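One letter stands for each residue in the lines below.
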Amino acid sequence: MNFLQYHEIIKEVLPKLSFSAEYVTGNDSLSYSTKNLVDLRQSINLIEEIPFIEQEILQLKKSWLFESNYPSQKINSSQKVEIDSAIDRIKIKLETFKQIAEQSAIFGNEDTILIKIPEIQSFDNLEKYAKDFKKAIETPIINESINGTVNIISAQEGSIILYISLGTISAVKLVAGICWAAGVIKRKNAEVKIFEQHARTLELKNDSLALFVDAQKTLMKNILDAEANAIANKNYDHNDPETVERLKLSISTVAELIDKGVKILPVSQNSDIQKCFPDYNNLNVIESTVKQITSTE
């Protein structure tokens, strides 16, 4: 989960994070009546992965609150104080986290993307990723039609997340198109490998098998050509061969990065921009936006 996702969860949960315990008269020690405990438990479960509140979450999880699923319960004064104090500390920390997020350079920038990178163990590995990102992102957006720039504005620990400003919304949409096309290429490559493996089980003659493999390579080349040309026609005011070749390199590079576990996503919460990027968890069903490709599948 990234910094902005934490912020969205906090913004959703904070108004609901309340504990109500009403004093009731009586002769026994259970002098408080609680309600809406199901909603409170659900809110706590939603924020348990957010950093800096681990101790409070652990305290609540070990308390009477999670010993049952009752929507309401009678409690004593010490049980009330136990939950009150933990909830109050959580709310203070979450409000602080929210304010820090909203004042950061990455918050609210529509022209920013984030890149999730798997664990990096050496500078050599980091250098390889940097070269790939240059081919995949910087090269295609540095163009008069796009007017994009690359500015790394922040990073997050864990599985490394880079926040990169691209300068314009056009650049974000271009990167989205490249990522989508890369997802299509990745799916097609997987299908080709399956077909080749099946062909080998049929014990075809070497010449026949070679023809089949060559045909699959031609198919992949045609798909890549079509994807690159479609992106050029949509995003640039020209469609020269050099531009198309650069786009083909970008698409192929992103497809390889996806294979390594890299995800390129928008920071923007605009649903139209988000839909332009592929769902990396469901690339096996991604469809090309190029009509002539989808019609021949």
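As shown above, the structure is provided for reference.
Please read these numbers as outputs of a predicted model, since none were measured by experiment.

S.K.: Where do I start with the pattern of salt bridges in this structure?
M.R.: A side chain of one charge can pair with a side chain of the opposite charge when the charged atoms of the two come close. This structure, assessed with the given rule, holds 19 salt bridges. One salt bridge connects Glu56 with Lys93, and the closest N-O pair in it is separated by 3.0 Å. Here the residue Glu56 occupies a position in helix α3 (residues 54-61), and Lys93 occupies one in helix α4 (residues 77-103), the gap between them amounting to 37 residues. Its relative accessible area of 3% is what places Glu56 among the buried residues.

S.K.: When you look at the sheet that holds strand β2 (residues 32-35) in this model, what are you seeing that I'm missing?
M.R.: Across a sheet, strands are paired by hydrogen bonds formed along the backbone, either parallel or antiparallel in direction. Taken in spatial order, the 3 strands line up as β1-β2-β3 in an open sheet, and their pairing is antiparallel. Every interior strand has two partners, whereas the edge strands, β1 (20-23) and β3 (73-75), have only one. Between one strand and the next, the sheet's axes are offset by a mean angle of 35 degrees, whatever the strand orientation. Looking at chain direction, β2 and β3 are connected through 3 bridges and run antiparallel. In the strand pairing of β3, Tyr32 is matched with Ile75. Strands β1, β2 and β3 of the sheet are contacted by α4, whose axis makes an angle of about 105 degrees with β3.

S.K.: What am I meant to see in the nonpolar core here?
M.R.: Ile113, Ile115, Leu166, Val175, Ile251, Ile264 and Phe277 are the most contacted members of the largest nonpolar core, which has 46 residues in total. Mapped onto this core, the elements with two or more residues apiece are β4 (112-116), α5 (123-141), β6 (161-165), α6 (169-201), α7 (206-235) and α8 (241-259). Here the element with the most residues in this core is α6; it accounts for 12 residues. Each residue touching Ile115, except ones within four places of it in the same chain, is listed here: Phe133, Ile137, Ile160, Ile161, Leu162, Ile164, Val262, Lys263 and Ile264. Among the nonpolar cores identified, the runner-up in size contains 34 residues, and Leu4, Ile44, Ile50 and Ile83 belong to it.

S.K.: Would you mind showing me how to read the sheet that holds strand β5 (residues 151-156) here?
M.R.: Spatially, 4 strands are ordered β5-β6-β4-β7 in an open sheet, and the strand pairing comes out antiparallel. Only two strands of the sheet have a single partner each, and these edge strands are β5 and β7 (263-266). Taking the axes of each pair of neighbouring strands and ignoring which way they run, one obtains an average angle of 25 degrees across the sheet. Direction of pairing for β4 relative to β7: antiparallel, over a ladder of 4 bridges. Note that in β7 the partner of Leu114 across the bridge is Leu265.

S.K.: Which parts of the structure should I look at to understand the pairing of β6?
M.R.: Both faces of the sheet carry side chains from a regular strand, because those side chains alternate between them. Counting buried positions along β6 yields 5 of 5 residues, so the element is predominantly enclosed. The side-chain alternation of β6 yields two buried faces, one formed by Ile161, Tyr163 and Ser165 and the other by Leu162 and Ile164. Where β4 and β6 come together, 5 bridges link them in antiparallel fashion. Looking across to β6, one finds that Ile113 is bridged to Ile164. In this sheet, β6 lies alongside β5 in antiparallel orientation, the contact comprising 5 bridges. Within the sheet, the bridge partner assigned to Asn151 lies in β6 and is Ser165.

S.K.: What am I meant to see in the state of the cysteines here?
M.R.: Each disulfide consists of one covalent bond between the sulfur atoms belonging to two cysteines. If you walk through the whole model with that rule in mind, you get 0 disulfides. Not engaged in a disulfide, the cysteine Cys179 finds its nearest cysteine sulfur in Cys276; these two sulfurs lie 11 Å apart. Given the relative accessible area of 1%, Cys179 is considered buried. Residue classification places Cys276 among the partly exposed positions, given a relative accessible area of 32%.

S.K.: I tried to follow the packing of aromatic side chains on my own but got confused; where do I start?
M.R.: Aromatic rings in a pair are described by how distant their centres are and how their planes are angled relative to each other. Counting across every chain of the model gives 4 aromatic pairs. Seen from their ring centres, Tyr129 and Phe133 are 5.9 Å apart, and the 20 degrees between their planes marks the pair as stacked. Within this pair, Tyr129 and its partner Phe133 are both found in helix α5, separated by 4 residues, close to a single helical turn. Looking at Phe133, the relative accessible area reads 10%, which means it is buried. The lysine or arginine in question, Lys260, covers the ring of Tyr129, its NZ or CZ lying 5.9 Å from the ring centre.

S.K.: Honestly, the packing of α5 against α6 in this entry has me stumped. Any pointers?
M.R.: When two helices pack together, you describe them by how their axes are tilted relative to each other and by the distance separating the axes. Two elements in contact, α5 and α6, have axes separated by 10 Å at closest approach and are oriented at 140 degrees. When the interaxial angle is binned, α5 and α6 end up oblique. Where α5 crosses over α6, the handedness of that crossing is right-handed. Here α5 contributes Ala136, Ile137, Pro140 and Ile141 to the contact with α6, which in turn contributes Ala171, Leu174, Val175 and Ile178. Split into classes, the residues belonging to the contact of α5 with α6 amount to 8 nonpolar, no polar and no charged.

Conventions used here
Residues numbered from 1 in each chain as written. Predicted model: local features only at pLDDT ≥ 70, side-chain atom pairs only at ≥ 80, totals over all residues. Heavy atoms only, no water. Salt bridge = Lys/Arg side-chain N within 4 Å of Asp/Glu carboxyl O. Helix = DSSP H or I, 4+ residues; strand = E, 2+ residues; numbered from the N terminus. Buried < 20%, exposed > 50% of the residue type's maximum accessible area, 1.4 Å probe, protein only. Pairing = 2+ DSSP bridges. Axes fitted to C-alpha atoms, helices over the stretch in contact; angles between N-to-C directions. Contact = heavy atoms within 4.5 Å. Core = buried A, V, L, I, M, F, W, Y, C linked by side-chain atoms within 4.5 Å. Disulfide = S-S within 2.5 Å. Phe/Tyr/Trp six-rings, centres within 6.5 Å; stacked < 30°, edge-to-face > 60°. Lys NZ or Arg CZ within 6 Å of the ring centre and 35° of its normal. Parallel < 35°, antiparallel > 145°, perpendicular 65-115°, else oblique. Left-handed = near helix turned anticlockwise from the far one by under 90°. Nonpolar A, V, L, I, M, F, W, Y, C, P; charged D, E, K, R; others polar.

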